[in-house]
Amino acid sequence: MSSSTLLEPELREAETMGDETARFEELLLKASRELQQAQATTPESTQIQPQPGFCIKTNSSEGKVFINICHSPSIPPPADLTEDELLQMLEEDQAGFRIPMSLGEPHAELDAKGQGCTAYDIAVNSDFYRRMQNSDFLRELVVTIAKEGLEDKYSLQLNPEWRMLKNRTFLGSISQQNIRSKQRPRIQELGDLHTPDSRGPKGGPEKPHLSLWLEAPDLLLAEIDLPKLEGALGLSLEIGENRLVMGGSQQLYRLDAYIPLRVNSEESKAAFHRKRKQLMVAMPLLSVPS
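Residues numbered from 1 in each chain as written. Predicted model: local features only at pLDDT ≥ 70, side-chain atom pairs only at ≥ 80, totals over all residues. Heavy atoms only, no water.

Trainee: Please give an account of the nonpolar core that cites residues and values.
Mentor: Counting residues in hydrophobic clusters, the biggest one holds 26 residues, and the most contacted among them are Leu220, Leu226, Met246 and Met283. Those residues in contact with methionine 283 that sit more than four places away from it in its chain are Leu212, Leu219, Leu220, Ala222, Ile239, Leu244, Ile259, Val263 and Ser268. Formed by 23 residues, the second largest nonpolar core is a distinct cluster that contains Ile99, Val142, Leu150 and Leu156. (Core = buried A, V, L, I, M, F, W, Y, C linked by side-chain atoms within 4.5 Å. Buried < 20%, exposed > 50% of the residue type's maximum accessible area, 1.4 Å probe, protein only. Contact = heavy atoms within 4.5 Å.)

Here it is, written out as structure tokens:
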């Protein structure tokens, strides 16, 4: 097991950054770049042309914002859950459910009155889009997640109020987007390994939900949900070849999880994402899974 001091400087530095997302992406890109240079490989990607679906209007401090909700069969679908199952998962605040979507770059457009505005194109799976057309619940959920994704990626503050345009399926032009050729494989939801009672004995530290996935054949990522924390101050993190241990921060959380792959603890990086209230960890692998 490596010493927690190896990762604490990264946590403290991320805590002082004004943009935790950029900091984590910097760490992740650095780790991924080093691995790619060592093995002379690059992630495969493909270009898609999203098809128009519907358009919503909202605004930010910079003016009007339009979001084109598009679809493509090349986008992987989310887990096949009923609305009741999905609602129960959301009410229990579980982070295991994801709606894969591709977030396009902002493009300047003119609205119906000839005034300048900004438009974004967001693509989801085509089959899921058709299902969403018959469900107000799924439509609201996709719009909410799409807005959060744009706010996070582009440091926006969008108005929570929005409306769907009645006579236009999109605004401006929908550009091609680059996506991964292969769907990122989920490895294991380690939250299922926790005991049903997430509290320790006598009201001890809570065991947070942990998600793991392969970002590349040789890079394992982890997200640890810490909704009660505002920052990384006081957190400790130890990583061994097959184990991840997190503690500290007023004893609110304690995690001791088995990792199903051998990781390079010395090259692992971590950062705290304030908006999502997640500890995000990038762990290069010592051996690539077949």
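Trainee: Describe in detail the packing of helix H4 (residues 126-133) against helix H5 (residues 136-154), supporting the description with residues and values.
Mentor: Axes are the key here: two packed helices are described by the angle between their axes and the distance separating the axes. Relative orientation of the contacting elements H4 and H5 amounts to 125°, with a least axis distance of 7 Å. Overall, the two elements H4 and H5 adopt an arrangement that is oblique. Along the contact surface, H4 presents Phe128, Arg131, Met132 and Gln133, while H5 presents Leu138, Arg139 and Val142. Partitioning the contact of H4 with H5 into residue classes produces four nonpolar, one polar and two charged. (Axes fitted to C-alpha atoms, helices over the stretch in contact; angles between N-to-C directions. Helix = DSSP H or I, 4+ residues; strand = E, 2+ residues; numbered from the N terminus. Parallel < 35°, antiparallel > 145°, perpendicular 65-115°, else oblique. Nonpolar A, V, L, I, M, F, W, Y, C, P; charged D, E, K, R; others polar.)

Trainee: I'd like to hear about the sheet that holds strand E13 (residues 243-248), residue by residue, with values.
Mentor: As summarised here, the arrangement of the three strands in space is E12-E13-E14, forming an open sheet in which the pairing is antiparallel. Of all strands in the sheet, those with a lone pairing partner are strand E12 (235-240) and strand E14 (255-258), marking the two edges. Taken over all neighbouring pairs, the strand axes of this sheet differ in orientation by 10° on average, direction set aside. Judged from the six bridges that link them, E12 and E13 form a sheet pairing that is antiparallel. Looking across to E13, one finds that glutamate 238 is bridged to valine 245. (Pairing = 2+ DSSP bridges.)

Trainee: Tell me about H4, residues and numbers included.
Mentor: Regarding H4, the residues found buried are Ser126, Phe128, Tyr129 and Met132. The arc that holds the buried residues of H4, viewed along the axis, is 155°, so those residues lie on one side. Next to the buried residues of H4 lie strand E2 (51-60), strand E3 (63-72), strand E6 (116-125) and H5. Where H4 begins, one side-chain oxygen reaches toward the backbone nitrogen of aspartate 127, 3.0 Å away; that side chain belongs to asparagine 125. (Arc of directions from axis to C-beta. Polar contact = N/O pair within 3.5 Å; in protein donor to acceptor, adjacent residues only side chain to side chain.)

Trainee: Which residues make up unusual backbone geometry, and what are the values?
Mentor: Positive phi values are uncommon outside glycine, yet serine 155 reaches one of about 55°. Within the chain, lysine 277 stands out as a residue other than glycine whose phi angle is a positive 55°. With respect to the secondary-structure elements, lysine 277 resides in the loop between strand E15 (269-273) and strand E16 (278-284). Judged by relative accessible area, which is 24%, lysine 277 ranks as partly exposed.

Trainee: I'd love a proper account of the environment of tyrosine 120, names of residues and values included.
Mentor: In this structure, tyrosine 120 sits in strand E6. The class for tyrosine 120 is buried, based on a relative accessible area of 5%. Along the sequence, tyrosine 120 and proline 106 sit 14 residues apart, while their C-alpha atoms lie 5.0 Å from each other. Non-local contacts of tyrosine 120, meaning those with residues more than four positions away in its chain, are made with Val65, Phe66, Ile67, Asn68, Gly104, Glu105, Pro106, His107, Leu150, Tyr154 and Leu156.

Trainee: Lay out the packing of aromatic side chains with the relevant residues and their values.
Mentor: Following the criterion strictly, the structure yields two aromatic pairs and no others. Judged by centre distance (6.3 Å) and plane angle (25°), the ring pair of phenylalanine 54 and tyrosine 129 falls under stacked. Of this pair, phenylalanine 54 sits in strand E2 while tyrosine 129 sits in helix H4, and the two are 75 residues apart along the sequence. The exposure classification of phenylalanine 54 matches that of tyrosine 129, with both residues buried. Relative to tyrosine 154, the ring of tyrosine 120 lies with its centre 5.5 Å away and its plane at 40°, an arrangement referred to as tilted. (Phe/Tyr/Trp six-rings, centres within 6.5 Å; stacked < 30°, edge-to-face > 60°.)

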